[in-house]
Amino acid sequence: KLILSARGGGGWGGVPGAPPINTPAKVVQLYNLESDPGETNNLEDTHSEKIEELVNELARAFRDGRTTPGDSQSNEGWPLRQKEIIAAFPQLGEM
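Because the structure is a prediction, the values reported are computed rather than measured. (Residues numbered from 1 in each chain as written. Predicted model: local features only at pLDDT ≥ 70, side-chain atom pairs only at ≥ 80, totals over all residues. Heavy atoms only, no water.)

Peer 1: Give a detailed account of helix H1 (residues 48-64), specifying residues and quantitative values.
Peer 2: With 17 residues, H1 extends 24 Å between its outermost C-alpha atoms, agreeing within 8% with the 24 Å of an ideal straight helix rising 1.5 Å per residue. The elements touched by buried residues of H1 are strand E1 (2-3) and strand E2 (29-30). (Helix = DSSP H or I, 4+ residues; strand = E, 2+ residues; numbered from the N terminus. Expected span 1.5 Å × (residues − 1). Contact = heavy atoms within 4.5 Å.)

Have a look at this one:
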């Protein structure tokens, strides 16, 4: 799971009885949900290649307006406008 934010992003935070989650992040949060379903171990620093792979897939989906085979479609959410994220991943801001 890739979260394009250093703050929050859903997950298990706030679940009654669950321990507090402290997942420091610089730009994004990356979790292996198979081995860490509670999103407690941010892999941002150790798996940059996976982040790049997922960001490239997201950029392709934005650009094509779809994630399935077929003709490209318009996408009102493209290009991304979050300056911090675009600085780290320029492919998300390209048209």
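Peer 1: Residues and numbers for unusual backbone geometry, please.
Peer 2: Its identity as a non-glycine residue notwithstanding, Glu39 has a phi of 50 degrees, on the positive side. Tracing the backbone through its elements, the reader meets Glu39 in the loop between E2 and H1.

Peer 1: Describe in detail the nonpolar core, supporting the description with residues and values.
Peer 2: Grouped together as the largest cluster of nonpolar side chains are 13 residues, with contacts concentrated most on Leu4, Ile51, Val55, Ile85, Phe89 and Leu92. Residue contributions to this core peak at 4 residues, all from H1. Beyond its immediate stretch of four places on either side in the chain, Leu4 contacts Val27, Val28, Val55, Leu58, Ile85 and Leu92. (Core = buried A, V, L, I, M, F, W, Y, C linked by side-chain atoms within 4.5 Å. Buried < 20%, exposed > 50% of the residue type's maximum accessible area, 1.4 Å probe, protein only.)

Peer 1: Describe the pattern of salt bridges, naming the residues involved and giving the relevant values.
Peer 2: Inspection of the entire model under this criterion finds 4 salt bridges. In this structure, the salt-bridge partner of Glu39 is Lys1, at a minimum N-O distance of 2.9 Å. Of this pair, Glu39 sits in the loop between E2 and H1 while Lys1 sits in the segment before E1, and the two are 38 residues apart along the sequence. Residue Lys1 is classed as partly exposed on the basis of its relative accessible area of 35%. (Salt bridge = Lys/Arg side-chain N within 4 Å of Asp/Glu carboxyl O.)

Peer 1: Residues and numbers for the side chain of Glu39, please.
Peer 2: For Glu39, a relative accessible area of 7% puts it in the buried group. Within the structure, Glu39 has its side chain in polar contact with the side chain of Lys1 (distance 2.9 Å). (Polar contact = N/O pair within 3.5 Å; in protein donor to acceptor, adjacent residues only side chain to side chain.)

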